[in-house]
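Structural characterization, general
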Amino acid sequence: MFNAASRTYFILAGAAVVVGFGYVFTTGDRVGFTALVFAGVTALALGVGVFGFTPPEPLPAPEEPAEPRAVDTTDVPSPSAWPLVGAVAVAVLATGLATDTSLIAIGIVFGLVATFAWFGQVWREHPSWTREMSERLHDRFVVPIGLPGTIVVLAGIGVVSLSRLMLALSREAAPVVGSIIAFLILGGFYLVSSRNLGRRALTTLATVSAGLVLASGVAGAVKGEREFHHPEAEDAFLLTAENVEFDKDELDFPAATKIKLKFENHDTVQHNFALLRDEGSEPIFRGPVIDKGETVYEFTTPEAGTYYFQCDVHPTQMNGRVDVSVSASEPPEPGENVTTTSAGSH
Ligand SMILES: [Cu+2]
């Protein structure tokens with residue numbers, strides 16, 4: 001029924017979507033856009049729920065007050081924490097869609113757990129539920145499947161979250177934070193094993209730690225990964241193809257040396273690099289043709305001398321001279337490879 005609550009949710013949903021589109025067109029930031037659209041979809045779902053499940057607004061009171069009626073309360077469900085877990089699942093899923101695929105999986109797992117647990121609670125509260133059924137379910141499902149499954153899922157969430165956190169930290173900070181977390185885990189186990197903590201305290205502790213791990217993982221995923229040195233690109237000679245041209249018309253290689261040539265193709269057409277004795281002769285080394293992207297060619301240079309290089313796809317447009325000499329310098333320093341800065345580009 002249309003009432004104040006459902007109207008509010010529908011208005012919120014529309015506003016979130018409009019603001020989301022305005023936001024993405026002005027800033028180009030897709031993370032905020034996804035979050036706003038998800039907020040809108042959630043508000044829409046809540047609005048539909050309220051619309052479908054609330055009774056019509058009461059009619060104006062009649063002249064004579066009606067006889068008070070006894071209200072049947074047997075079917076009212078008891079309070080449950082599972083809708084809250086479901087909300088967390090939706091939030092994680094939304095963050096995952098905007099940032100990181102692994103978070104999508106975590107959100108889906110959380111959502112499934114919340115759904116089944118919620119249904120389970122409703123089932124157990126039904127009058128037909130007996131103690132005998134409870135024990136059978138416990139023996140045949142909870143202990144052999146539910147418990148190990150939950151442990152594996154929780155451990156997996158912890159591992160993924162921690163890996164996102166570690167990838168976002170700098171190379172210097174990661175071992176420190178890792179050690180602190182390891183000591184915290186050890187300390188936690190020591191507390192649990194040495195003291196007689198109540199079940200409720202343990203549950204609270206586990207929930208808070210899981211929440212912290214997940215939150216730091218989400219924060220790490222949003223922050224992005226630090227840049228890494230790619231060992232195969234280190235000490236490599238560089239050659240770039242753009243607009244059907246090489247960026248160099250002369251290459252200097254050391255003689256009779258195994259070298260790496262990092263080849264970047266910025267075009268949508270295919271290119272390669274081939275080393276020839278002379279124009280038109282059989283290639284000494286022929287690199288596989290690549291699409292847009294990059295590759296690292298590895299080959300051993302010939303004896304000192306002057307050689308020729310070309311792209312086999314465009315031999316007349318893309319070619320140059322290769323000087324192979326005994327005294328040729330080492331490859332240039334890869335200037336842009338910085339190891340420790342974080343890439344907070346999202
Ligand atoms: Cu080419």
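Just so we're clear, the structure is a prediction, and the values are computed from it rather than from any experiment. (Residues numbered from 1 in each chain as written. Predicted model: local features only at pLDDT ≥ 70, side-chain atom pairs only at ≥ 80, totals over all residues.)

The next thing to look at is the overall build of the protein chain. Scanning the protein chain from terminus to terminus reveals seven helices and nine strands. Per-residue burial for the protein chain yields a buried fraction of 16% across its 346 residues. Taking as baseline every contact in the protein chain between residues at least 6 positions apart, the subset at least 24 positions apart corresponds to 70%. (Helix = DSSP H or I, 4+ residues; strand = E, 2+ residues; numbered from the N terminus. Buried ≥ 20, exposed ≤ 12 C-beta atoms within 10 Å, placed from the backbone. Contact = placed C-beta atoms within 7 Å.)

Pairing in this open sheet of five strands is mixed, and the strands run S3-S9-S8-S5-S6 from one edge to the other. Two strands close off the open sheet at either side, each with one partner strand: strand S3 (250-254) and strand S6 (283-286). Shown here is a sheet whose adjacent strand axes are inclined to one another by a mean of 25°, direction ignored. Alignment of strand S8 (residues 305-310) against strand S9 (residues 319-325), held across six bridges, turns out to be antiparallel. (Pairing = 2+ DSSP bridges. Axes fitted to C-alpha atoms, helices over the stretch in contact; angles between N-to-C directions.)

Moving on to the environment of Ala155. Note that Ala155 resides in helix H5 (residues 131-168). When the 10 C-beta atoms within 10 Å are taken as the criterion, Ala155 is described as exposed. When the C-alpha atoms of Ala155 and Ala210 are compared, they prove to be 9.5 Å apart, with 55 residues separating the residues in sequence.

What follows concerns helix H7 (residues 199-223). Look at H7: 36 Å from first C-alpha to last across 25 residues, which is about the 36 Å you get at 1.5 Å a residue. Within H7, burial applies to Leu214, Gly217, Val218, Gly220 and Ala221. Structurally, H7 contributes buried residues whose contacts are with helix H3 (82-98), helix H4 (101-124) and H5. (Expected span 1.5 Å × (residues − 1).)

Relative to strand S4 (residues 258-265), strand S1 (residues 237-242) runs parallel, the two sharing five bridges. Within the sheet, the bridge partner assigned to Leu238 lies in S4 and is Lys262. Looking at chain direction, S4 and strand S7 (residues 293-300) are connected through eight bridges and run antiparallel. What sits directly across from Lys260, in S7, is Glu298.

This part takes up the nonpolar core. The biggest cluster of nonpolar side chains holds 16 residues, and the ones touching the most others in it are Phe273 and Phe309. At the level of secondary structure, the elements contributing two or more residues to this core comprise S1, S3, S4, strand S5 (274-276) and S8. Looking at this core element by element, the count peaks at three residues for S5. In terms of nonpolar packing, the next biggest core, distinct from the first, is built from 13 residues, Ala98, Ile157, Val218 and Ala221 among them. (Core = buried A, V, L, I, M, F, W, Y, C linked by C-beta atoms within 7 Å.)

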